[in-house]
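Architecture and fold: a report
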Amino acid sequence: MHLTLAPLHGFTDATFRKTYFRHFRGLDDAIAPFVSLTHGDKVTRLKVKDLIADKDSPVRVIPQILGNEPGTFIMMCNYLSDELGCTEVNWNLGCPVHSIVHKRRGSGMLPYPEQIAAFLDQVMPELRMRLSVKLRLGYYSVSEFPPVIRVLNGFPLHTVTVHPRIGTQMYEGEVLLEALDEFFPLIEHDWIYNGDLHSLASFEMIRKRYPGLSRFMLGRGVFLNPFLPEMIRSGTNVLPADWQERFHLFHTELEQNVRNSRHYWMSKMKEYWKYFGVFLQMQPEELRQLLGTADEQSWKARTTALINGRPGLQQPVPGGLLTND
Ligand SMILES: Cc1cc2nc3c(=O)[nH]c(=O)nc-3n(C[C@H](O)[C@H](O)[C@H](O)COP(=O)(O)O)c2cc1C
C-alpha cells in the first residue's frame, strides 16, 4: 500500500511538511502544492523556493505544476531535474478556482481533451523525468472524464490521481463514487484514489469498493487527524496511548517553524486550528473564541490548555466520513 500526502496550497508547504514528517510516520511521499506557470513566466529560484527547502526531506516530495503552456512547463521541469534533482513532476488538472479555470488551466482544461493531447505531445518527449497527473472527473460534468482518460492512456505517465468531484463542486458536496465506479476501469495507468479519506472507516470503504487499488492520497484527513496514516497502516481506530504528548510536541515545533517563516504566523496557525479543532473535538463556540484570540500570550495559554485538556480522547471523530455507501 502506498500513501501520499495531497497538495494543499497554503497548508502543506515546506514548513508543514518538514515538521509533520519529523513527528508522524505512515506516508510514503508527498505532492507539493502547485507552482503556477503562465505564458512568458521565467523559471526563478523564487518560484521554487518552497521546493528547495525539501532537499533533505526524509520523505520524497514531488513538485506539482499548474499550467497549460508546453514551453514554460518543459523549462520548469528541466530546472527541477537539473537544479533540485527531482525525478518526477505532477501536472495539475484539478484546480477548480474560477480565475484559473477561466484560462483553461487546472480543471478548466478537462473539457478540452484535444488540448491536453497537444500539450502532452509536445511535453513528453522533452522530459528527463517521470510525469504524473492529478485530475477531477470533469469541470462541468463527469462526461468529460472518458475522453480525457483515453488521451492520458496514450502517454507513458507514471500515475494518475483521481479526485472524484467535478470542478464546480470545489471541495464540497459528495464525492461522485457512482461515476468513478463506471469510469475507473477505463484507467490504464496505476491510479491513486483521492478525496474525503478523512477516517479509517472512509479509507476501508474505498479499499473495499476498489479491490486491487493500492495507492491512496490523503489531504484534509491528515489535518483532521495527524495520526491517520499510522492508523490506516495499523488498521486501528484507536489513537496511540501517547498521542497527546506527540501532538503537543508536533504543535509546538510547527508553531515555532511557522513563526520563523512568516510575520503573520498566528493567522496561519488559526487556519490549521480549523482542522485541529475537529481533531480535538472542540465545541464550535470554543473554536470561535480561539480563532478570535489576538494576543500571543492568550494564544499560547489557550492552545496549550486545549491540547493538554483532552486526556480522555481515544478515538478520532468520525467526521468527514463518506456518506455514499
Ligand atoms: C486549501 C486547499 C488547497 C489545495 N491545493 C491544491 C494544490 O495545490 N494542488 C492540487 O492538486 N490540489 C489541491 N487541493 C486539492 C487536494 O489536493 C485534494 O484533491 C482535495 O482536498 C480532496 O482530498 P481530501 O479530501 O483528502 O482533502 C487543495 C485543496 C484544498 C482544500
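Residues numbered from 1 in each chain as written. Predicted model: local features only at pLDDT ≥ 70, side-chain atom pairs only at ≥ 80, totals over all residues. Heavy atoms only, no water.

The next point concerns helix 8 (residues 200–209). Among the residues of helix 8, Leu 200, Ser 202, Phe 203, Met 205 and Ile 206 are the ones counted as buried. Structurally, helix 8 contributes buried residues whose contacts are with helix 7 (177–183), strand 7 (190–194), strand 8 (215–218) and helix 10 (228–234). (Buried < 20%, exposed > 50% of the residue type's maximum accessible area, 1.4 Å probe, protein only. Helix = DSSP H or I, 4+ residues; strand = E, 2+ residues; numbered from the N terminus. Contact = heavy atoms within 4.5 Å.)

As a note on interpretation, predicted positions should not be read in detail where pLDDT is low. Residues of the chain with pLDDT of at least 70 account for 97%, and the chain-wide mean is 94. Confidence drops under a pLDDT of 50 for residues 320–325, and excluding neighbours within four residues, the segment shows 18 contacts in the predicted structure. (pLDDT = per-residue confidence, 0-100.)

The next thing to look at is the pairing of strand 5 (residues 130–138). Of all nine residues making up strand 5, eight are buried, and the element is well covered by its neighbours. When strand 4 (residues 88–93) meets strand 5, the two strands line up parallel, connected through six bridges. Pairing of Asn 90 across the sheet is with Ser 132, part of strand 5. Two elements, strand 5 and strand 6 (residues 159–166), share five bridges in a ladder whose sense is parallel. Opposite Lys 134, over in strand 6, you have Thr 161 as the bridge partner. Crossover strand 5 to strand 6 through helix 6 (residues 145–153) is right-handed. (Pairing = 2+ DSSP bridges. Right-handed = clockwise from strand over helix to strand, strands pointing away.)

This part is about the environment of Gly 312. Here Gly 312 lies in the segment after helix 14 (296–308). A relative accessible area of 67% places Gly 312 in the exposed class.

Glancing now at the packing of helix 3 (residues 70–84) against helix 5 (residues 113–123). Their axes nearest at 10 Å, the elements helix 3 and helix 5 cross at an angle of 45°. Comparing the axis directions of helix 3 and helix 5 gives the class oblique. The hand of the helix 3/helix 5 crossing is right-handed. Here Pro 70, Phe 73 and Ile 74 of helix 3 come into contact with helix 5, specifically with Phe 119, Gln 122 and Val 123. Grouping the amino acids of the contact of helix 3 with helix 5 by side-chain chemistry returns five nonpolar, one polar and no charged. (Axes fitted to C-alpha atoms, helices over the stretch in contact; angles between N-to-C directions. Parallel < 35°, antiparallel > 145°, perpendicular 65-115°, else oblique. Left-handed = near helix turned anticlockwise from the far one by under 90°. Nonpolar A, V, L, I, M, F, W, Y, C, P; charged D, E, K, R; others polar.)

Attention now moves to the site of the ligand. Around the ligand, 19 residues are found, and the nearest of them are Pro 7, His 9, Gln 64, Asn 194 and Asp 196. Taking His 163, its side chain carries an N or O atom lying 3.5 Å from an oxygen atom of the ligand. If the ligand stood free it would expose 610 Å²; the protein chains cover 91% of that surface. Residues belonging to the shell around the ligand are distributed by class as follows: eight nonpolar, eight polar and three charged. (Near = heavy atom within 4 Å. Polar contact = N/O pair within 3.5 Å; in protein donor to acceptor, adjacent residues only side chain to side chain. Areas by Shrake-Rupley, 256 points an atom, 1.4 Å probe, with all protein chains shown as cover.)

Residues Leu 80, Trp 91, Ile 116, Leu 135, Leu 152, Tyr 193 and Trp 273 are the most contacted members of the largest nonpolar core, which totals 97 residues. With near-sequence residues (within four places) excluded, Leu 135 lies in contact with Leu 93, Gly 94, Leu 110, Phe 145, Val 148, Leu 152, Val 160, Thr 161, Val 162 and His 163. (Core = buried A, V, L, I, M, F, W, Y, C linked by side-chain atoms within 4.5 Å.)

Before going further, it helps to spend a moment on unusual backbone geometry. Within the chain, Arg 104 stands out as a residue other than glycine whose phi angle is a positive 55°. With respect to the helices, strands and loops of the structure, Arg 104 is situated in the loop between helix 4 (98–101) and helix 5. Owing to a relative accessible area of 33%, Arg 104 belongs among the partly exposed residues under this scheme. Although it is not a glycine, Met 170 adopts a positive phi angle of roughly 55°. For Met 170, the location among the structural elements is in the loop between strand 6 and helix 7.

Applying the stated criterion to the full structure yields 20 salt bridges. In this structure, Asp 29 engages Arg 60 in a salt bridge whose closest nitrogen and oxygen atoms are separated by 4.0 Å. With Asp 29 in strand 2 (residues 29–36) and Arg 60 in strand 3 (residues 60–66), this pair connects stretches of sequence that are 31 residues apart. Overlapping salt bridges, with partners in common, bring together Asp 29, Arg 60, Glu 88 and Arg 130 in one network. (Salt bridge = Lys/Arg side-chain N within 4 Å of Asp/Glu carboxyl O.)

To continue, consider a nonpolar patch on the surface. A surface patch of nonpolar side chains, amounting to about 240 Å² of accessible area, comprises Val 97, Met 170 and Tyr 171. Note that Tyr 171 resides in the loop between strand 6 and helix 7. (Patch = residues over 30% accessible without salt bridge, like charges linked within 9 Å, V, L, I, M, F, W, Y side chains within 5 Å.)

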